[in-house]
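# Residue-level structural notes
So the chains spell out like this:
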Amino acid sequence: MSEESKSQSKNKRIAKNTLMLYIRQLLTLLVSLYTVRVVLNVLGVEDYGIYNVIGGIVSFFAFLSGSMASATQRFFSFAIGQNDFDKLKRIFSVNWIIYGLIAVFSLLLLETGGLWFVNERLQVPIERFESARNIFHYSVLTFISTILTTPFMAIIIAHEDMHIYAYVSIAETILKLSAIFLLNFLPGDKLELYGLLIFAVSAVNSIMYIFICTRKYIECQFRQFYWDKDLFKEIVGFTGWTLFGQLTTAGRNQAVTILLNQLFNPIVVAARAIAINITSQINLFSNNFNMGLYPPIIKSFAANDKVEMFSLISRGSKITFFLMWVFALPLFMEMDEILNLWLKNPPVEAALFTRLALVEVLINSISLPLGTAARAPGKMKNYELILGSIQIGIFIVSWIILKMGATAYSVFVVAIIANLAMFIVRLLIVKTLLEFPLRPFYTEVVFPISLVILLSAVPSVMIHMALPKNLMFSFLSIIACGLFSILSMYFVGLERSEREKIKSIVVNRARKLF
């Protein structure tokens, strides 16, 4: 097979994987948004805020599984890129041992230090304290289940079998929807029931992943373990700094939520939870696309194909932003109407919080392929140390300005400024590690993105200001924002060759249909 054919095949596989993940995420997004509305109505604003604070304490420790997931996927993809399937078996066995140790460590840490925090420091109405404790235990079990699932998700992604990941995710979404439906009919404390049902869904999800992987991939087996001391040291060494990075990410997100809980009332925490929920669902579109990019970038590095790797990084950064922007712009313009329609009586700060959170994730979306590229050589110290320090700074600065009397939304402003700094740092680090050319990145990625923002945002703002404020005109505004985004992306954001590919795909599909 020629190099051009290989490249076309790789591009088709990435496009197919992206489509599968996109369909999966559309369904997940719709269900998740509906779920938040139902849960908010069933639990009430106060209990919803309590659940998110408790979940935040447990999620604070999610850096353990998150760091190992990055390591696992990187090593799996690297071995596949080298066609070393014996090494794959050793990687799986070593990682399974490590994940087991992490699960035990997390359980002990959360049920001691985490439980102490819930008992002594958490601001919860006295009548809801016992329910908060029970929710904490359910959240810990859900987290342990997630840890044990992570290596199996990583091996599916490394093999680029995104359709499997998409099908299991859709099944998980349906189970969560069923759990929310049951919440309306089951007797008992709704807050505790919700935690128990979410844990049950997580357990079933783990069983599905383990069953599929042990049946499909020969490296996923428990009959024989392949111990490799050098590989263990390599993975742990790679993970050490990644662990630090994930810890600071957890601090950036969940510790700030806990900080707001300490200084404001649960309604402010609920508003932040709504904002984070919306932006995390939108952010999953870019994360899913980068999930499809992760294996080919690592495999290109393993095969020493820098031209292909640089192309994947640049195109990936641009398309990642576009996937976010087409949803973010309409949401930003009509957030008040959307929240009122969706939640009926949303917390007062929810619209402002969500708009600021959207800006933050838009900036971060451009950096996702750069982060993948930085992990390819396995030299994580400088990358994680610098970026982790900036993220620790988000919490420290937020704490200082809130203590000085700043309003709750200021924590989002701090995060936006920090994300701009981290984007620049990622670029410089990837340039140093991989000799990544910056000038083409500016001309092929940053400049087109800037033009797309300008050409789509300006007319969208004008239409939003001109139209009356009601549901029908908000719907028209959303359509206009989407059209401005798509047209500016197609005619300005994409290169001529990219437009020709899209045109060819559309024409071929149309011929098959008609």
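Residues numbered from 1 in each chain as written. Predicted model: local features only at pLDDT ≥ 70, side-chain atom pairs only at ≥ 80, totals over all residues. Heavy atoms only, no water.

## Observations concerning the overall build of the protein
Applicable threshold: Here a strand is any run of E in DSSP of at least two residues, a helix any run of H or I of at least four, and the numbering for each starts at the N terminus. The cut-offs for exposure are 20% and 50% of the maximum accessible area for each residue type, with area from a 1.4 Å probe on protein chains only; residues under the lower value are buried, those over the upper are exposed, and the others partly exposed. The contact criterion used throughout is that any non-hydrogen atoms of two residues lie within 4.5 Å. With residues, only the protein chains shown are counted as cover, and all accessible areas are computed by Shrake-Rupley using a 1.4 Å probe.
Per the secondary structure count, the protein includes 16 helices and zero strands. A total of 514 residues make up the protein; the buried ones form 52% of that total. Partitioning the intrachain contacts of the protein with sequence separation of at least 6 by distance along the chain shows that 84% fall at a separation of at least 24. When the accessible surface of the protein is totalled, it reaches about 23200 Å², and 67% of it is carbon and sulfur.

## Section: the pattern of salt bridges
Once their charged atoms are close, side chains differing in charge can pair, the charge on each being opposite to the other. Heads up, the rule is: Salt bridge, as used here, is a side-chain nitrogen of Lys or Arg placed within 4 Å of a carboxyl oxygen of Asp or Glu.
Using the criterion set out here, one finds two salt bridges in the structure. Linking Lys176 and Glu172 is a salt bridge whose minimum nitrogen-to-oxygen distance equals 3.7 Å. Of this pair, Lys176 and Glu172 both sit in helix α5 (residues 162-183), four residues apart, which is roughly one turn of that helix. Of the charged contacts in the structure, one is a salt bridge between Arg355 and Asp336, with a shortest N-O distance of 3.1 Å.

## Here's the deal with the environment of Tyr383
Within the secondary structure, Tyr383 is located in helix α12 (residues 381-403). Overall, the relative accessible area of 4% leaves Tyr383 in the buried class. Here the alpha-carbon distance between Tyr383 and Trp241, two residues 142 residues apart in the chain, equals 8.5 Å. Aside from chain neighbours lying at most four places away, what touches Tyr383 is Gly371, Ala374, Arg375, Arg426 and Ile429.

## Here we look at unusual backbone geometry
Phi is positive for Glu435, close to 60°, though the residue is something other than glycine. Turning to its location among the elements, Glu435 is positioned in the loop between α13 (410-434) and α14 (438-466). By relative accessible area, Glu435 is classed as exposed at 62%.

## Side note on the packing of aromatic side chains
Filter applied, for reference: Stacked, tilted and edge-to-face pairs are distinguished by plane angle, under 30 degrees for stacked and over 60 for edge-to-face with tilted covering the rest, among Phe, Tyr and Trp rings (Trp via its six-membered ring) whose centres lie within 6.5 Å. A positively charged side chain is recorded as over a ring if its NZ (Lys) or CZ (Arg) lies within 6 Å of the ring centre. The angle to the ring normal must also be within 35 degrees.
A full pass over the atoms with the stated rule returns nine aromatic pairs. On the basis of an interplanar angle of 70° and a centroid distance of 5.4 Å, the ring pair of Phe310 and Phe436 is categorised as edge-to-face. Residue Phe310 is found in helix α9 (residues 306-333), and its partner Phe436 is found in the loop between α13 and α14; the two are separated by 126 residues along the sequence. Taking relative accessible area as the criterion, Phe436 reaches 2% and is therefore assigned buried. Among the aromatic residues, those joined into a ring-pair cluster are Phe310, Phe423, Phe436 and Phe441. Over the aromatic face of Phe332 sits the side chain of Arg355, whose NZ or CZ is 5.8 Å from the ring centroid.

## A short note on α12
The condition is simple: The span expected for a helix works out to 1.5 Å for each residue beyond the first.
Between its first and last C-alpha, α12 extends 33 Å over 23 residues, near the 33 Å set by a 1.5 Å rise per residue. Phi for Gly405, located one or two positions after α12, is positive at around 110°.

## Topic: a nonpolar patch on the surface
The condition is simple: Each patch is built from residues that are more than 30% exposed by relative accessible area and take part in no salt bridge. Like charges join if they lie within 9 Å; nonpolar side chains (Val, Leu, Ile, Met, Phe, Trp, Tyr) join within 5 Å.
A contiguous nonpolar surface patch, about 1200 Å² in accessible area, is contributed by Leu454, Leu455, Val458, Met462, Met472, Phe475, Leu476, Ile479, Leu483, Leu487, Phe491 and Val492. The set of elements that each furnish at least two residues to the nonpolar patch consists of α14 and α15 (471-493). Broken down by element, the residue count for the nonpolar patch peaks at eight residues, all from α15. Looking at the secondary structure, you find Met472 in helix α15.

## A word on the nonpolar core
Which entries qualify depends on this criterion: Nine residue types can take part in a nonpolar core, namely buried Ala, Val, Leu, Ile, Met, Phe, Trp, Tyr and Cys, and a core is a set of them joined through side-chain atoms within 4.5 Å.
Core analysis: the largest hydrophobic core is formed by 101 residues, its most contacted members being Leu339 and Phe436. Broken down by element, the residue count for this core peaks at 13 residues, all from helix α11 (residues 350-375). Once residues lying within four places of it in the same chain are set aside, the contact partners of Leu339 are Ile274, Ile278, Lys344, Pro346, Ala350 and Ala351.

## Regarding the environment of Val256
With respect to the helices and strands, Val256 occurs in helix α7 (residues 229-263). Sequence separation between Val256 and Val411 is 155 residues, and the spatial gap between their C-alpha atoms is 7.6 Å.

## Section: the side chain of Arg355
For clarity, the cut-off: Contacts described as polar in this section are N or O atom pairs within 3.5 Å, which, within protein, must combine one atom able to donate a hydrogen with one able to accept it, while residues neighboring in sequence count only if both atoms come from side chains.
Among the secondary structure elements, Arg355 is positioned in helix α11. Look at Arg355 and you get buried, because its relative accessible area is 18%. From its side chain, Arg355 meets the backbone oxygen of Phe332 in a polar contact 2.8 Å long. Those residues in contact with Arg355, other than ones at most four positions away along the chain, are Phe332, Met333, Met335 and Asp336.

## Some points on the packing of helix α3 (residues 85-120) against helix α4 (residues 129-158)
Quick reminder of the rule: Lines are fitted to the C-alpha atoms to define the axes, a helix being fitted only along its stretch in contact, and any angle between axes, read from their N-to-C directions, falls within 0 to 180 degrees. Here is the rule for angles: anything less than 35 degrees is roughly parallel, anything more than 145 is roughly antiparallel, 65 through 115 is roughly perpendicular, and the remaining ranges are oblique. In this classification, the charged set is Asp, Glu, Lys and Arg, the nonpolar set is Ala, Val, Leu, Ile, Met, Phe, Trp, Tyr, Cys and Pro, and all remaining amino acids, among them Gly, are polar.
Running from N to C, α3 and α4 cross one another at 170°; their axes reach a closest spacing of 10 Å. When the interaxial angle is binned, α3 and α4 end up roughly antiparallel. Residue composition of the contact of α3 with α4, by class: 20 nonpolar, five polar and two charged.

## Quick word on the environment of Ser317
Inspection of the secondary structure assignment puts Ser317 in helix α9. We classify Ser317 as buried; its relative accessible area is 0%. Aside from chain neighbours lying at most four places away, what touches Ser317 is Ile366, Pro369, Leu370, Phe441, Val445 and Ile449. Looking at Ser317, its side chain comes within polar contact range of the main-chain oxygen of Ile366, at 3.1 Å.

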